[in-house]
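What follows is the residue order along each chain.
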Amino acid sequence: GESVGLHLPTLSVQEGDNSIINCAYSNSASDYFIWYKQESGKGPQFIIDIRSNMDKRQGQRVTVLLNKTVKHLSLQIAATQPGDSAVYFCAENIGYGGATNKLIFGTGTLLAVQP
Amino acid sequence: GAGVSQSPSNKVTEKGKDVELRCDPISGHTALYWYRQSLGQGLEFLIYFQGNSAPDKSGLPSDRFSAERTGGSVSTLTIQRTQQEDSAVYLCASSLDLTGGRGAAEAFFGQGTRLTVV
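Note that the structure is a prediction, hence the values are computed from the model and not measured. (Residues numbered from 1 in each chain as written. Chains lettered and ligands numbered in written order. Predicted model: local features only at pLDDT ≥ 70, side-chain atom pairs only at ≥ 80, totals over all residues. Heavy atoms only, no water.)

Caption draft 1: Spatial organisation of the sheet that holds strand S1 (residues 5-7) of chain B. Residues and elements named next belong to chain B. Read across the sheet, four strands follow the order S1-S3-S8-S7 without closing on themselves; strand pairing throughout is antiparallel. Lying at the two open borders of the sheet, with one neighbouring strand each, are S1 and strand S7 (65-69). Strand-to-strand twist of the sheet, defined as the mean angle between neighbouring strand axes without regard to direction, takes the value 15°. Direction of pairing for strand S3 (residues 19-24) relative to strand S8 (residues 75-79): antiparallel, over a ladder of five bridges. When the sheet's bridge partners are listed, Cys-23 is paired in S8 with Ser-75. (Pairing = 2+ DSSP bridges. Helix = DSSP H or I, 4+ residues; strand = E, 2+ residues; numbered from the N terminus. Axes fitted to C-alpha atoms, helices over the stretch in contact; angles between N-to-C directions.)

Shown next, in the form of structure tokens:
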């Protein structure tokens, strides 16, 4: 079936270090991917997205890399800060541009930033 | 509104009772989604609306779950004869219409409704 999974359920980093959160997806038809950040007690918040015609996209302190060959997605956070502590989800868009549309989310990775 | 609004924020109900969860999407967003999130888990897709119609309701766990959307805006998720396994946070999201190749847009989430069935 369709699934998006994360390699590392928990990631602990030191403040100021770079963080890399990985994600594997299984649906080769997916062509749009999003990273979300979810803080405790809140709904997921959009971080960055990427379409399958790209392999890299940069935002403010964040970079998403897409490797379609191995169906792998990663989120890089530069100079990680305590405020980055949250659960990070990758999501793939099933049916983008078609007659229907939904996001399939992975289990999530907890990023814990140590001061 | 400024964001996606869900109500109630918390709901405790007795097993066997029916509950209604409400979602007010961002004004102008034609796509609306319901997800369920169990403690420490990812987001489980329930149903997707495009306008008032639901082209994809494949994620609804059972026939006790139903959802409707009226006026292309407010949506309600109804759970009949609630069971303890229904306890979770129910999240609603909305986005611009992504169908027809009009381009991708992120989904904006509400704060969720925490449902506890006792």
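Caption draft 2: Spotlight on the pairing of strand S10 (residues 102-105) of chain A. Residues and elements named next belong to chain A. Residue alternation in S10 divides its side chains into two sets, Lys-102 and Ile-104 and Leu-103 and Phe-105, and both sets are buried. Across four bridges, the pairing between strand S9 (residues 86-94) and S10 is antiparallel. Within S10, the residue paired with Asn-93 across the bridge is Leu-103. (Buried < 20%, exposed > 50% of the residue type's maximum accessible area, 1.4 Å probe, protein only.)

Caption draft 3: Representation of the pattern of salt bridges. Residues and elements named next belong to chain A. Throughout the structure, instances matching the rule amount to six salt bridges over all chains. Lys-42 is the salt-bridge partner of Glu-39, the closest N and O atoms lying 3.7 Å from each other. The partly exposed category is assigned to Glu-39, whose relative accessible area is 27%. Take Lys-42: its relative accessible area is 40%, and that puts it in the partly exposed class. Here Asp-49 makes a salt bridge to Arg-57, at a shortest N to O gap of 2.2 Å. Residue Arg-57 is classed as partly exposed on the basis of its relative accessible area, which comes to 36%. (Salt bridge = Lys/Arg side-chain N within 4 Å of Asp/Glu carboxyl O.)

On their own, these measurements won't tell you what the molecule is for.
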